[in-house]
Amino acid sequence: MALFVAALAFYPLSSWAGGAAGKITHVQGQVEVRRLGDVGARSARRWMDVFPDDVIETGANGRARILLSDSSVLTLSEQSKLRIDEQVYDPAKGERKSLLNLFRGKVRAVVSKYLNASKSRFEIHTPTAVAGVRGTT
């Protein structure tokens, strides 16, 4: 996993669509993306951009890995549903903010190290709790 994260750190961020929160880097089984304003869902595919307000949902045999714009990596297990509420990464202004909402299932987050911790925020909200990550897995 560490090698995968290290390799993706060199993926050119400039190739991402404007406003994209990240990219789906791995899809296994049934994974769908629901985009705000769209009718229905799209089948997720590798290197597909994901945006704020997108909902990523995995089926009974589904798994997905998402590389966020700040090089953090999310791994969704089967039967999971996650919405990207907000993803801001602006190294020029020295800020990073990731707000995610996990409706059900499991997510593993490997959060990239960010030097300006005072302007860094990474939170995963669930129906019963909020997990704030401070520079760790």
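Predicted, not measured: the structure shown is a model, and the values here were computed from it.

Parameters and conventions
Residues numbered from 1 in each chain as written. Predicted model: local features only at pLDDT ≥ 70, side-chain atom pairs only at ≥ 80, totals over all residues. Heavy atoms only, no water. Helix = DSSP H or I, 4+ residues; strand = E, 2+ residues; numbered from the N terminus. Buried < 20%, exposed > 50% of the residue type's maximum accessible area, 1.4 Å probe, protein only. Areas by Shrake-Rupley, 256 points an atom, 1.4 Å probe, with all protein chains shown as cover. Polar contact = N/O pair within 3.5 Å; in protein donor to acceptor, adjacent residues only side chain to side chain. Core = buried A, V, L, I, M, F, W, Y, C linked by side-chain atoms within 4.5 Å. Contact = heavy atoms within 4.5 Å. Salt bridge = Lys/Arg side-chain N within 4 Å of Asp/Glu carboxyl O. pLDDT = per-residue confidence, 0-100.

## Brief notes about the overall build of the protein chain
Line of reasoning, step 1. In terms of helices and strands, the protein chain carries 1 helix and 12 strands.
Line of reasoning, step 2. Shown N-terminal to C-terminal, the secondary structure of the protein chain runs as helices and strands in the order α-β-β-β-β-β-β-β-β-β-β-β-β.
Line of reasoning, step 3. The buried share among the 137 residues of the protein chain stands at 42%.
Line of reasoning, step 4. Here the protein chain displays about 7,400 Å² of accessible surface, and carbon together with sulfur accounts for 52% of that area.

## Considering the side chain of Ser69
Line of reasoning, step 1. With respect to the helices and strands, Ser69 occurs in the loop between strand E6 (63–68) and strand E7 (73–76).
Line of reasoning, step 2. A polar contact is formed between the side chain of Ser69 and the side chain of Gln87, at a distance of 3.2 Å.

## Quick look at the nonpolar core
Line of reasoning, step 1. Counting 21 residues, the largest nonpolar core has Ile24, Ile56, Ile66, Leu74, Leu100 and Phe122 as the members making the most contacts within it.
Line of reasoning, step 2. Sorting the residues of this core by element identifies strand E2 (31–34), E6, E7, strand E8 (81–90), strand E9 (95–104) and strand E11 (120–125) as the ones contributing at least two each.
Line of reasoning, step 3. Ranked by the residues each element gives to this core, the list is headed by E6, at 3 residues.
Line of reasoning, step 4. With residues up to four places along the chain from it excluded, the contact list for Leu74 reads Ala64, Arg65, Ile66, Leu68, Leu82, Leu100, Val107, Arg108, Ala109 and Phe122.

## Some thoughts on unusual backbone geometry
Line of reasoning, step 1. Although it is not a glycine, Trp47 adopts a positive phi angle of roughly 70°.
Line of reasoning, step 2. Mapped onto the elements, Trp47 comes out in the loop between strand E3 (42–43) and strand E4 (49–50).
Line of reasoning, step 3. Note on Trp47: relative accessible area 31%, which makes it partly exposed.
Line of reasoning, step 4. For Asp53, which is not a glycine, the phi torsion comes out positive at approximately 80°.
Line of reasoning, step 5. For Asp53, the position within the fold is in the loop between E4 and strand E5 (55–58).

## Examining the environment of Asp85
Line of reasoning, step 1. Within the secondary structure, Asp85 is located in strand E8.
Line of reasoning, step 2. Along the backbone, Asp85 and Ile124 are 39 residues apart, and their C-alpha atoms lie at a distance of 9.6 Å.
Line of reasoning, step 3. For Asp85, the side chain forms a polar contact with the side chain of Arg83, separated by 2.3 Å.

## Some thoughts on the pattern of salt bridges
Line of reasoning, step 1. Applying the stated criterion to the full structure yields 11 salt bridges.
Line of reasoning, step 2. Through salt bridges that share partners, Glu32, Arg34, Glu57 and Arg104 make up one connected network.

## Side note on the confidence of the model for the protein chain
Line of reasoning, step 1. For the protein chain, per-residue confidence averages 84 on the pLDDT scale, and residues scoring 70 or more make up 79% of the total.
Line of reasoning, step 2. For the stretch residues 1–16, pLDDT sits under 50, and the model shows 25 contacts to residues farther than four places along the chain or on other chains.

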